Amino acid sequence: MGNVLEKVPVREQEPQVRATNFEEVCLGYNKEEAMEEAARCLRCKNAKCIKGCPVSINIPDFIHEVKEGNFEEAYKIIGQSSSLPAVCGRVCPQETQCEGVCIRGIKGEPVSIGKLERFVADWAKENGIKPEAPKEKNGHKIAVIGSGPSGLTCAGDLAKMGYDVTIFEALHQPGGVLVYGIPEFRLPKDKVVKEEVENVKSLGVKIETNVIIGKSTTIDELMEKEGFEAVFIGSGAGLPMFMGIPGEVSNGVFSANEYLTRSNLMKAYRDDFDTPIKRGKKVIVVGGGNVAMDAARTALRLGAEVHIVYRRSEEELPARREEVHHAKEEGIIFDLLTNPVEIIPDEKGWVKSVKCVRMELGEPDASGRRRPVVIEGSEFEIEADTVIMSLGTSPNPLISSTTIGLDINRRKCIIADEENGQTSKEGVYAGGDAVTGAATVILAMGAGKAAAKGIDEFIKNKTK
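Residues numbered from 1 in each chain as written. Predicted model: local features only at pLDDT ≥ 70, side-chain atom pairs only at ≥ 80, totals over all residues. Heavy atoms only, no water.

## What about the nonpolar core?
Formally: Buried residues of nine kinds, namely Ala, Val, Leu, Ile, Met, Phe, Trp, Tyr and Cys, make up a nonpolar core once their side-chain atoms join them within 4.5 Å. Working definition: with a 1.4 Å probe on protein chains only, accessible area under 20% of the residue-type maximum means buried, over 50% means exposed, and in between means partly exposed. Only DSSP runs of H or I with at least four residues qualify as helices, and only runs of E with at least two residues qualify as strands; both kinds are numbered from the N terminus onward.
With 67 residues, the main nonpolar core has Ile-59, Phe-62, Val-66, Leu-116, Leu-178 and Ile-455 as its most contacted residues. Examining the composition of this core, we find that 8 residues originate from one element, helix H17 (residues 441–462), more than from any other. Among the nonpolar cores identified, the runner-up in size contains 30 residues, and Val-25, Val-285, Ala-296 and Ala-304 belong to it.

## Observations regarding the packing of helix H12 (residues 256–264) against helix H13 (residues 290–301)
We apply this condition: Axes here refer to lines fitted to C-alpha atoms; in helices the fit is confined to the stretch in contact. Angles between the N-to-C directions go from 0 to 180 degrees. Should an angle lie under 35 degrees it is considered roughly parallel, over 145 roughly antiparallel, and from 65 to 115 roughly perpendicular; all remaining angles are considered oblique. In this scheme the handedness of a crossing depends on how the near helix is turned from the far one: anticlockwise by less than a right angle means left-handed, clockwise means right-handed. Contact between two residues is taken to exist if any of their heavy atoms lie within 4.5 Å; hydrogens are not considered. Note on residue classes: Ala, Val, Leu, Ile, Met, Phe, Trp, Tyr, Cys and Pro are nonpolar, Asp, Glu, Lys and Arg are charged, and everything else, Gly too, is polar.
Orientation of H12 relative to H13, taken along the N-to-C sense of each, is 50°, at an axis distance of 10 Å. By the angle between their directions, the pair H12 and H13 is classed as oblique. In this structure, H12 meets H13 at a crossing whose hand is left-handed. Counting all contacts with H12, which are made through Ala-256, Tyr-259, Leu-260 and Ser-263, the residues of H13 involved are Val-291, Asp-294, Ala-295, Thr-298 and Ala-299. The residue makeup of the contact of H12 with H13, split by class, is 6 nonpolar, 2 polar and 1 charged.

## Observations concerning helix H4 (residues 59–68)
Residues of H4 that are buried: Ile-59, Pro-60, Phe-62, Ile-63, Glu-65 and Val-66. Next to the buried residues of H4 lie helix H2 (31–38), helix H3 (48–52), helix H5 (71–79) and helix H7 (113–126).

## Quick word on the packing of aromatic side chains
Note the threshold: Any Phe, Tyr or Trp ring, taking Trp's six-membered ring, that has another such ring centre within 6.5 Å forms a pair; planes under 30 degrees apart are called stacked, those over 60 apart edge-to-face, and the others tilted. By definition, being over a ring means that NZ of Lys or CZ of Arg is both within 6 Å of the ring centre and within 35 degrees of the ring normal.
One pass over the full model with this rule turns up 7 aromatic pairs. Ring centres of Phe-71 and Trp-123 lie 5.5 Å apart, and the angle between their planes is 65°; this geometry places the pair in the edge-to-face category. With Phe-71 in helix H5 and Trp-123 in helix H7, this pair connects stretches of sequence that are 52 residues apart. Given a relative accessible area of 4%, Phe-71 falls into the buried group. Here the aromatic residues Phe-22, Phe-185 and Tyr-269 are joined through ring pairs into a cluster of three or more. Directly above the aromatic system of Phe-185 lies the positively charged group of Arg-301, at a separation of 3.9 Å from the ring centroid. In this structure, Lys-328 packs its charged tip against the face of Phe-334, placed 5.9 Å from the ring centre.

## What about the sheet that holds strand S8 (residues 253–255)?
Cut-off, in case you're wondering: Only strands that DSSP links by at least two bridges are regarded as paired with each other.
Strands sit in the order S8-S16-S9-S10-S11 across an open sheet of 5 strands; the sheet is parallel. The outermost strands of the open sheet, each flanked by one partner alone, are S8 and strand S11 (333–336). For this sheet, the mean inter-axis angle between neighbouring strands, taken without regard to orientation, is 20°. In the sheet, strand S9 (residues 282–286) pairs with strand S16 (residues 386–389) via 4 bridges, with the strands oriented parallel. When the sheet's bridge partners are listed, Ile-284 is paired in S16 with Val-387. Taken strand by strand, H12 contacts S8 and S16, and its axis lies near 80° from that of S8.

## Some thoughts on the side chain of Thr-153
The topology assignment puts Thr-153 in helix H8 (residues 149–160). Exposure remark for Thr-153: the relative accessible area of 1% places this residue in the buried category. When neighbours within four sequence positions are excluded, Thr-153 is seen to be in contact with Ser-83, Leu-84, Met-445, Gly-448 and Lys-449.

Below is the structure:
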């Protein structure tokens, strides 16, 4: 047993190696490492880590089973709360959630809860362990729109309760943001996402792809003509935002959403796929969130020199610390306290450079972060041939505009009750990015879980 105050280190690809490939960066724990790390858990009676988890996994109990070498039992405990443990173990911001409130972290480093969850999920896959399907159906039909984290979670939880669930997915492949948004080097598609989707299907959930709700059919038609008694909307937020600065329509300007979708879902990074993607020599990514890091690290792997341009300081970067650390290790250049004001094209209309201004931080704004203020006379140019805008996304209004009685807010997000996902339309529930705008995978899962409970209560009350 090593120093109990320190985490068991996790193995990673070397920065100079991984910067040239799309294989997973983090290699995870082996059996011995996982058991050693699990032994650091204090198994607190008042476990704050459970409260810090949006889907309320019984963390002390599953970690205790890992410590004892009972990995199947650990998987069953996680499975009571989470339908996507292999995903969450990789992309959850544990440092601000379960690990952020870990008691062990007061006098040392918190327990590596995420890495242990990942180990258990990967072990279960390698050993053919599947979640337990319900013994019988209850005869009620529920529709779920979107097969991202909120949709998969809601569908999985409802299936475990005995509901007959069908997921309608707009794209040709299920997984939502897990397949189109997050790169292979953070979340392998075949090894992880596909397997997690198969696990949800093994509970009896049906998935229909290439169905665009609002075009192929509508929510009203699902309920009135196809016999679905309730609908959950987990359609995500795929509509990109732009700055509205001069030159933004130049060739070579992309939204992070399009750029990552081409690379991830449509496999543009692979030579055996024909999907076109701009392999820039000098790429600027505007933004400082996790998506910006994903876009920057993808562009780097496609052979570019990459600059991240962000108008606040490093302290205010919204991306996970781990992602920022990995990006720096790989050689990405951070131009902080910098803001683009114009994209300058060449005579053929392609991006040539980006005019920027230096910023300084003033008084805190409504978000609580210090507001960036332009330093007069600080204009300068950064040479570039590609610009990727990573400024957030909003929900596509297609569903709300084709559903009578479904209220949205000024940001085009569906208005839904946080406790149970209930919208303004009876029998229709919503959660995840379609309600909050772009957020984390685990928060979307928490919303899917809450909505499943809300739908169950609605059906039970209706049938009394």
